[in-house]
Amino acid sequence: MIIDNHPFEVNDKGHLVIGGADAVELAQKYGTPLYVYDVNIIRNNCKAFIETFDKMEVTAKVAYASKAFSSIAMLQIMKQENMCLDVVSEGELYTALQAEFPTEKIHLHGNNKSLNELRMAIENDIGCIVVDNFREIELIGRLLKEYNKQMDVLMRVTPGIESKTHQYIMTGNEDSKFGFNLNNGQAEEAFKLLWNHEFIKFKGLHCHIGSQIFETDRFLIATEVLFQELKNWKNTYGFIPEVLNLGGGYGIRYTSEESPISYDIYVKELVTEVKKHVQMLAIPMPEIWLELGRAIAGNAGLTLYTVGAIKHIPGIRNYVSVDGGMTDNLRPALYQAKYEAVIANKASAPPISEVSIAGKCCESGDMLIWDLPLPKVDHGDILAVFSTGAYGYSMANHYNRFAKPAVVFVEDSQDKLVVKRESYQDIISHDLSYE
């Protein structure tokens, strides 16, 4: 039995199963809140993209956007699956180095890269820096001259495409903090600085229009806009791109209201669009890069909670409180994100009423799910919230001084702790006395 189109099953005890392991037993073994990932789903998501490119005989690099969930164990799996890696900070780069991720397959992003971040990237000979602004061009050039090195660089551009998503995760429109604008001449000005640079090897363009997008049309329009600029640069300067990074942002299913398309469709339609423009320009096919975070990790993970207080307000609402909330899943408070969930120890029981899932933070806005159909809920039940594999742990915080949860990977029924639960000592470990 598959749970409401989520990739998890129910065993003969009526318990939710993830990766072949009983979710209730995992909660008992490791405590709650608890992030749990099915490693086979992670691997299959990676393969869905890589194998589609292989079948289409297109040279490509598929990168995991580590901001979705970064840990040593996660990056080791990405290494095993022959993925590249996107990082946006010294912390993410440091984690990749500790995971012994191949540095030549690491790409550095970010709209405000510091001198230290750029220095760390250059010292470790990462594969590519995605340039986001004019200051970075100057800093990168200065550092490469200092180290007497060359480095591959892509230019991030904003194509003026508004994606159908929440405004906080919309990145390709003109009014964006990211990238060089194609419509006001900034991109061409940056091109002139990068083209034929002594130390910078300018490889091509990067574009990312947003996240949690379900249609391909915006990606195809963005690709067309990129080629309009590339046509101008070819005719004016003779520039031929070696790389075209078309970003990511492909949507996953959080609720029954969402119907994501299969990953191979994104790849096939993008490749077809690129090939069309390549033929029109009479240039060699560039290497296609994608960067995917949510699409790799999102539906592979769930979060387990223990039910505590239950509050009935006659004629208004039934609140069910759990032992986590906005400290382990900030997205509902930040984006008004929606989720689905089941009682893991009653996963096959039919719903009898609607309840609203409240977090335990001292905020009225700490609500994980509104109006969720569930069977009778009792104190001590285990609630499993689906599709929390992306931006759960990575956005976890210490509000109200709650400790960050543990992370467990399950593969072929074998569970393994990959991130320890924080202790209270961990929380105060950087506090200093004033006495």
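Before any of the text, the structure's been laid out above.
What comes next concerns the included structure. (Residues numbered from 1 in each chain as written. Predicted model: local features only at pLDDT ≥ 70, side-chain atom pairs only at ≥ 80, totals over all residues. Heavy atoms only, no water.)

### Brief notes about the overall build of the protein
Here comes step 1: The helix and strand inventory of the protein stands at twelve helices and 22 strands.
Here comes step 2: Once the C-alpha set of the protein is aligned to its principal axes, its extents read approximately 70 × 60 × 40 Å.
Here comes step 3: Taking all 435 residues of the protein together, the buried fraction comes to 56%.
Here comes step 4: Accessible surface, the protein as shown: approximately 19100 Å² in total, 48% of it carbon and sulfur.
Here comes step 5: Where the 41 positive side-chain charges of the protein centre and where its 57 negative ones centre are 1 Å apart. (Helix = DSSP H or I, 4+ residues; strand = E, 2+ residues; numbered from the N terminus. Buried < 20%, exposed > 50% of the residue type's maximum accessible area, 1.4 Å probe, protein only. Areas by Shrake-Rupley, 256 points an atom, 1.4 Å probe, with all protein chains shown as cover. Lys, Arg positive; Asp, Glu negative; His and termini not counted. Charge placed at Lys NZ, Arg CZ, Asp CG, Glu CD.)

### Some words on helix H2 (residues 39–55)
Here comes step 1: The end-to-end C-alpha distance of H2 is 24 Å, a good match for the 24 Å that 17 residues give at a rise of 1.5 Å each.
Here comes step 2: All buried positions along H2 are accounted for by Val39, Ile41, Ile42, Arg43, Asn45, Cys46, Phe49, Ile50, Thr52 and Phe53.
Here comes step 3: Backbone nitrogen of asparagine 40 and a side-chain oxygen of the N-cap are separated by 3.0 Å at the start of H2; the cap is aspartate 38. (Expected span 1.5 Å × (residues − 1). Polar contact = N/O pair within 3.5 Å; in protein donor to acceptor, adjacent residues only side chain to side chain.)

### A look at the nonpolar core
Here comes step 1: Tyr64 and Met155 are the most contacted members of the largest nonpolar core, which has 135 residues in total.
Here comes step 2: Sequence-distant contacts of tyrosine 64, that is, excluding residues within four places in its chain, are made with Phe69, Met74, Leu75, Met78, Met83, Cys84, Leu85, Asp86, Leu292, Gly293, Ile296 and Ala297. (Core = buried A, V, L, I, M, F, W, Y, C linked by side-chain atoms within 4.5 Å. Contact = heavy atoms within 4.5 Å.)

### Structural notes on the pattern of salt bridges
Here comes step 1: Under the definition given, this model contains 22 salt bridges.
Here comes step 2: Across the pair glutamate 138 and arginine 142 runs a salt bridge whose closest N-O atoms are separated by 3.2 Å. Here glutamate 138 and its partner arginine 142 are both found in helix H6 (residues 134–147), four residues apart, which amounts to about one turn of the helix.
Here comes step 3: For lysine 376, the salt bridge goes to aspartate 378, with nearest N and O atoms at 2.5 Å.
Here comes step 4: By relative accessible area, which is 28% here, aspartate 378 ends up partly exposed.
Here comes step 5: By sharing partners, the salt bridges in this structure join Arg43, Lys47, Glu81 and Glu411 into a single network. (Salt bridge = Lys/Arg side-chain N within 4 Å of Asp/Glu carboxyl O.)

### Notes on the side chain of glutamine 212
Here comes step 1: Mapped onto the secondary structure, glutamine 212 falls in the loop between strand S12 (200–206) and helix H8 (217–237).
Here comes step 2: Look at glutamine 212 and you get buried, because its relative accessible area is 8%.
Here comes step 3: A polar contact is formed between the side chain of glutamine 212 and the backbone oxygen of isoleucine 252, at a distance of 2.8 Å.

### What about the side chain of asparagine 329?
Here comes step 1: Considering the arrangement of structural elements, one finds asparagine 329 in the loop between strand S16 (317–322) and helix H11 (331–335).
Here comes step 2: A polar side-chain atom of asparagine 329 sits 3.2 Å from the main-chain amide nitrogen of arginine 331.
Here comes step 3: At 3.4 Å, the side chain of asparagine 329 and the side chain of tyrosine 339 are in polar contact.
Here comes step 4: Leaving out residues up to four positions away in the same chain, asparagine 329 has contacts with Tyr305, Tyr339, Leu368 and Thr388.

### Quick word on the packing of helix H5 (residues 115–123) against H6
Here comes step 1: Interaxial distance between H5 and H6 falls to 10 Å at its minimum, and their mutual angle equals 45°. Taken together, H5 and H6 sit at an angle that is classed as oblique. When you trace H5 past H6, the crossing you get is right-handed. Together, Leu115, Leu118, Arg119, Ile122 and Glu123 of H5 and Leu139, Ile140, Leu143, Leu144, Glu146 and Tyr147 of H6 make up the contact between the two elements.
Here comes step 2: Each residue belonging to the contact of H5 with H6 can be placed in one class, and the counts come to eight nonpolar, no polar and three charged. (Axes fitted to C-alpha atoms, helices over the stretch in contact; angles between N-to-C directions. Parallel < 35°, antiparallel > 145°, perpendicular 65-115°, else oblique. Left-handed = near helix turned anticlockwise from the far one by under 90°. Nonpolar A, V, L, I, M, F, W, Y, C, P; charged D, E, K, R; others polar.)

### Considering empty space enclosed by the protein
Here comes step 1: In the structure shown here, the tally under the stated rule is one cavity of 30 Å³ or more.
Here comes step 2: Lining of the largest cavity is provided by Cys207, His208, Ile209, Phe219, Ala222, Thr223, Leu246 and Leu270.
Here comes step 3: Top contributing element to the lining of the largest cavity by residue count: H8, with three residues. (1 Å grid on protein atoms, 1.4 Å probe; cavity = no way out; pocket = protein on both sides within 12 Å on 5 of 7 lines; lining within 4 Å. Points joined across faces, edges and corners; volume = space filled by probe spheres on them.)

### Overview of unusual backbone geometry
Here comes step 1: Between threonine 32 and proline 33 the backbone carries a cis peptide bond, its omega angle lying at -5°.
Here comes step 2: Considering the arrangement of structural elements, one finds proline 33 in the loop between helix H1 (23–30) and strand S5 (34–38).
Here comes step 3: One non-glycine residue, asparagine 148, lies in the positive phi region at around 55°.
Here comes step 4: With a relative accessible area of 63%, asparagine 148 lands in the exposed category.
Here comes step 5: Even without a glycine there, the phi angle at glutamine 212 is positive, about 55°.

### A short note on the environment of valine 243
Here comes step 1: Inspection of the secondary structure assignment puts valine 243 in strand S13 (residues 243–245).
Here comes step 2: When its relative accessible area of 5% is taken as the criterion, valine 243 is described as buried.
Here comes step 3: When the C-alpha positions of valine 243 and glutamate 229 are compared, they lie 14 Å apart, and in sequence the two are 14 residues distant.
Here comes step 4: The residues contacting valine 243, other than those within four sequence positions of it, are Leu154, Lys203, Gly204, Leu205, Pro286, Glu287 and Trp289.

### Points about the packing of aromatic side chains
Here comes step 1: The final tally for this structure, using the stated rule, is 21 aromatic pairs.
Here comes step 2: Arranged with centres 5.1 Å apart and planes meeting at 75°, the rings of phenylalanine 219 and tyrosine 250 form a pair that is edge-to-face. Of the two residues, phenylalanine 219 is situated in helix H8 and tyrosine 250 in the loop between S13 and helix H9 (263–281); the sequence distance between them amounts to 31 residues. Tyrosine 250 matches phenylalanine 219 in its accessibility class, with the two residues each being buried.
Here comes step 3: Feature note: the residues Phe191, Trp195, Phe202, Trp233, Tyr237 and Phe239 constitute an aromatic cluster, connected by ring pairs. (Phe/Tyr/Trp six-rings, centres within 6.5 Å; stacked < 30°, edge-to-face > 60°.)

### Re the pairing of strand S14 (residues 287–292)
Here comes step 1: In terms of residue burial, S14 counts as a mostly covered element, since six of its six residues are buried.
Here comes step 2: Of the two faces of S14, the one carrying Glu287, Trp289 and Glu291 and the one carrying Ile288, Leu290 and Leu292 are both buried.
Here comes step 3: Sheet topology places strand S6 (residues 60–65) next to S14; five bridges connect them, and they run parallel. The residue bridging alanine 63 from the neighbouring strand is glutamate 291, located in S14.
Here comes step 4: By the bridge criterion, three bridges tie S13 to S14 in an arrangement that is parallel. When the bridges of S14 are listed, asparagine 245 appears paired with tryptophan 289.
Here comes step 5: Traced from S13 through H9 to S14, the parallel crossover comes out right-handed. (Pairing = 2+ DSSP bridges. Right-handed = clockwise from strand over helix to strand, strands pointing away.)

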